[in-house]
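Reading the structure
If you want the building blocks of each chain, they are given just below.
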Amino acid sequence: MLQAESKRYGERAIKWLLALCAALSVLTTTAIVISLIGPTIGFFEIVPADDFFFGVDWTPQFEPPSFGVLSIVAGTLNVTLWGMLFAIPVGLGSAVYLSEYASPRVRKTVKPALEVLAGIPTVAIGFFAVSFILPEVVVPLWPDGLLGGAEGKPFLALAAGLGIGLMVVPIIASMSDDAMRAVPRGLHEGAYALGATKAKVATRVIFPAALSGIVASIVLAISRAVGETMIVVLAAGSTPKFTLNPVESIQAMTSYIATTATGDISTGSVDYKSVFAVGTVLFAMTLVMNVVSIRLVRKYREVYE
Amino acid sequence: MEAGRATAPRNRLAVAGARSTTEAMLRNQPRSDVIRNAVFAGLLLLAVLIALAGLLALVIQAFAKGSSALSLDLITNPPSTAFPEKAGYRPAIIGSLQLIAGVMLFVVPVGVGAALYLEEYADSSRWWNRLVEVNIQNLAAVPSIIYGILGLAFIVRGPLDLGFILAAGSLTLALLVLPMVIIASREALRAVPDSIRQGSLALGATQWQTIRTQVLPASIPGIATGVILAVSRALGETAPLLLVGATVFVTFDPTPFGTDGYSAMPVQIFNYALRPQEEFQALAAAGILVMLVVLLAMNSFAIWLRNRYEQRW
């Protein structure tokens, strides 16, 4: 880093102006935390924390209302679980293919295609999930009557899960591909020289060497899946249920926030405050995952770069 | 060069010989290894094909459902619940254009400024600079709906108290994509070699003169690519806008500070998608097609820009 401390006032003013721009990002985080905390405290003055964190009934519209957040946390985990069961094998398979098997020409066409997939608005994926994945993929393929059957249900956690899976495949594929390509060439060549086959090099040498980057990509993908809103609003329904059954209509945390905090919700109401309480839980969950992912990425960068 | 041409055929012979020896040795692998290899390669290819099939199916399905609604009315007409066959996206398109104009106005100076500070000025051994860095990486992964909550509590109401206006939505989206712009701009700045800076400083330029006349011009293509990708993300974002007022069925052209409400392209698509009637489903699919075309054009332009003006030092 070059440092040329100048005596000119203009130079110093510019430095401070630029520092202010950078500080704005810290300010954004602070503002997020402040705007979440205030109403959340207000919420816990009305609803006991026990009922919120350990309750399994989420029925804000009933009289008396019940705010058991586990119900919509389960909804989020339900969708995330099935999404990741699809996205991890597909994403990792694509990553290994791209970094170890694909010819440069194939790579040059597949990688941009995955980037296009990453840039598709989630409202479009949500529409695709509810109007194609649900009726054309899940319903015909789901065994009759298993776990209550998929037939005739307008919303399914599994449809939203597969949509979310499709959304995060490019994240896993491209981050894991980067991690595997950061593994030094010498490791490949050493393994080949010892007579290892291509599959063995990929699974026993490159994959473990890039593991921290691969895990980082999966953790980030889970964080994205947990925070995704439009796909679950469109395809998973809005009936809170404490279940991981994929062929149920459920409600995720994000869809509760998106469907409740619209229109003319009054500022002081419990419903308004409950949005912030749910937002705090969501923010805390994704924050932990993001920090883990950032640390893991830094770890492999330190080792190989 | 003469000598090079003479040795080329000999090299080619040597390479071919070495390759055939290696292949002959590999062919003697145990049969189970050969099969296992083929199965593994097949599974990997299958994973790629599934991902690409998903993308293809999404586009084809939007076209199959939306082609009946594709007409000029789609762009020129306002939405209508009574006459879905004549309904369109006009206020939503105008709203989206204003939203992303606002995003650019905010995000370009602030994002580039923050990147310049972190790359050119900040001493990364200081804890506060490291804090800013981790903070930006985390902000890039905060769910978009959380930005909606921030917009609702901080921009629409609370300290800024702008009300449910388009400018508030624009500011919310700008904060959402700001980390993306900072990260991309930092990468572009980092690609400029230090020798350029040293040369400029050695000739007596101040640090800001060096940045303004050497570093920034050299990194503009990379920064522009990042800004375009960030704007295309802002353009497709729906969830935060639902919280900061873009929910109403707007039939007039919105203005930045108008208090009568505003709409945006993805919000309007969402609105149509929620209606079960066939006509509205077709409108939603047609809207998705329009957005996909716009986003694809923007992303292609960004990639072209990156490849065309990328400097190799």
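One can find the structure itself at the top, above this paragraph.
To start, this report covers the structure provided alongside it. Because the structure is predicted, anything quoted here is derived from the model rather than measured.

Let us look at the overall build of chain A. Across its full length, chain A holds twelve helices and two strands. Listing every helix and strand of chain A by position from the N terminus yields α-α-β-β-α-α-α-α-α-α-α-α-α-α. Along the three orthogonal principal directions, the C-alpha set of chain A runs to about 70 × 70 × 30 Å. By residue count, 55% of the 305 residues in chain A fall in the buried class. The contacts in chain A between residues at least 6 apart in sequence include a share of 72% that link residues at least 24 apart. Summed over all atoms, the accessible surface of chain A reaches about 13200 Å², with 65% contributed by carbon and sulfur. Taking the average location of the 21 positive side-chain charges in chain A and that of its 21 negative ones, the two points are 17 Å from each other.

On the side of chain B, 80 residues touch chain A, which itself brings 81 residues to the contact. At the boundary of chain A with chain B, total buried surface from both sides reaches about 7000 Å², with 75% on carbon and sulfur atoms. Viewed at the interface, chain B and chain A are joined by zero salt bridges. Where chain A packs against chain B, one counts nine residue pairs in polar contact (both at pLDDT 80 or more). In terms of residue count, the dominant contributor to the side of chain A that touches chain B is helix H1 (residues 9–46) of chain A (17 residues). Among the residues forming the side of chain A that touches chain B, the class breakdown is 52 nonpolar, 21 polar and eight charged.

This part takes up the packing of H1 of chain A against helix H6 (residues 144–156) of chain B. Between H1 of chain A and H6 of chain B, the least distance of the axes is 9 Å, while the angle of their chain directions is 75 degrees. Regarding the angle of H1 of chain A to H6 of chain B, the classification is roughly perpendicular. Contact residues: H1 of chain A offers Thr-28, Ala-31, Ile-32, Ile-34, Ser-35 and Leu-36 of chain A, while H6 of chain B offers Ile-146, Tyr-147, Ile-149, Leu-150, Ala-153 and Phe-154 of chain B. A class-by-class count of the residues in the contact of H1 of chain A with H6 of chain B yields ten nonpolar, two polar and no charged.

Once that is clear, we can look at the pattern of salt bridges. According to the stated counting rule, one finds 13 salt bridges over all chains in the structure shown. As a salt-bridge pair, Lys-111 of chain A and Asp-178 of chain A come within 3.7 Å of each other at their nearest N and O atoms. Taken as a pair, Lys-111 of chain A in helix H4 (residues 104–118) and Asp-178 of chain A in helix H6 (residues 157–181) lie far apart in primary sequence, 67 residues in all. By relative accessible area, which is 40% here, Asp-178 of chain A ends up partly exposed. A salt bridge links Glu-119 of chain B to Arg-186 of chain B; the shortest N-O distance between them is 2.9 Å. One end of the pair, Glu-119 of chain B, is in helix H4 (residues 90–121); the other, Arg-186 of chain B, is in helix H7 (residues 166–190), with 67 residues separating them in the sequence.

All names here are of chain B. Together, Ile-35, Val-39, Leu-43, Leu-46 and Ile-50 give the surface a local cluster of nonpolar side chains, amounting to about 440 Å² of exposed area. Inspection of the secondary structure assignment puts Leu-46 in helix H2 (residues 31–66). Its relative accessible area of 45% is what places Leu-46 among the partly exposed residues.

For the rest of this paragraph, the subject is the packing of H4 of chain A against H6 of chain A. Residue and element names in this part refer to chain A. As a packed pair, H4 and H6 sit with axes 8 Å apart at the nearest point and diverge in direction by 135 degrees. Classified by the angle between their axes, H4 and H6 sit oblique to one another. Seen along the crossing, H4 lies across H6 with a hand that is left-handed. Of the residues in H6, those in contact with Arg-107, Lys-111, Leu-114, Leu-117 and Ala-118 of H4 are Leu-166, Pro-170, Ala-173, Ser-174, Asp-177, Asp-178 and Arg-181. In the contact of H4 with H6, the residues fall into six nonpolar, one polar and five charged.

Take the environment of Leu-283 of chain B next. Residue and element names in this part refer to chain B. By the element assignment, Leu-283 lies in helix H12 (residues 278–309). Overall, the relative accessible area of 2% leaves Leu-283 in the buried class. Put simply, Leu-283 and Ala-69 are 214 residues apart on the chain and 5.8 Å apart in space, counted from C-alpha to C-alpha. Residues within four places of Leu-283 in sequence aside, it is in contact with Ala-69, Leu-74, Pro-84, Ala-87, Tyr-89 and Tyr-272.

Residue and element names in this part refer to chain A. Inspection of the entire model under this criterion finds 16 aromatic pairs over all chains. Between Phe-52 and Phe-53, the aromatic rings sit 5.0 Å apart at their centres with planes inclined by 80 degrees, giving edge-to-face as the arrangement. Relative accessible area serves as the criterion here: at 0%, Phe-52 is assigned to the buried category. A relative accessible area of 39% means that Phe-53 is categorised as partly exposed. Aromatic ring contacts, followed pair by pair, group Phe-43, Phe-44, Phe-52, Phe-53, Trp-58, Phe-67 and Tyr-256 into a single cluster. The ring of Tyr-101 carries Lys-198 above its face, with NZ or CZ at 4.8 Å from the centroid.

Glancing now at the environment of Ala-129 of chain A. Residue and element names in this part refer to chain A. Its place among the elements puts Ala-129 in helix H5 (residues 122–141). On the basis of relative accessible area, Ala-129 is assigned to the buried category, the value being 0%. Taking the C-alpha atoms as reference, Ala-129 lies 7.4 Å from Leu-162; in sequence the two are 33 residues apart. Once you skip the residues sitting within four places of it in the chain, Ala-129 turns out to touch Leu-134, Ala-159, Gly-163 and Ala-235.

What counts, and where the lines are drawn
Residues numbered from 1 in each chain as written. Chains lettered and ligands numbered in written order. Predicted model: local features only at pLDDT ≥ 70, side-chain atom pairs only at ≥ 80, totals over all residues. Heavy atoms only, no water. Helix = DSSP H or I, 4+ residues; strand = E, 2+ residues; numbered from the N terminus. Buried < 20%, exposed > 50% of the residue type's maximum accessible area, 1.4 Å probe, protein only. Contact = heavy atoms within 4.5 Å. Areas by Shrake-Rupley, 256 points an atom, 1.4 Å probe, with all protein chains shown as cover. Lys, Arg positive; Asp, Glu negative; His and termini not counted. Charge placed at Lys NZ, Arg CZ, Asp CG, Glu CD. Buried area = accessible area lost by both parts, 1.4 Å probe. Salt bridge = Lys/Arg side-chain N within 4 Å of Asp/Glu carboxyl O. Polar contact = N/O pair within 3.5 Å; in protein donor to acceptor, adjacent residues only side chain to side chain. Nonpolar A, V, L, I, M, F, W, Y, C, P; charged D, E, K, R; others polar. Axes fitted to C-alpha atoms, helices over the stretch in contact; angles between N-to-C directions. Parallel < 35°, antiparallel > 145°, perpendicular 65-115°, else oblique. Patch = residues over 30% accessible without salt bridge, like charges linked within 9 Å, V, L, I, M, F, W, Y side chains within 5 Å. Left-handed = near helix turned anticlockwise from the far one by under 90°. Phe/Tyr/Trp six-rings, centres within 6.5 Å; stacked < 30°, edge-to-face > 60°. Lys NZ or Arg CZ within 6 Å of the ring centre and 35° of its normal.

So yeah, pure geometry; function would need other evidence.
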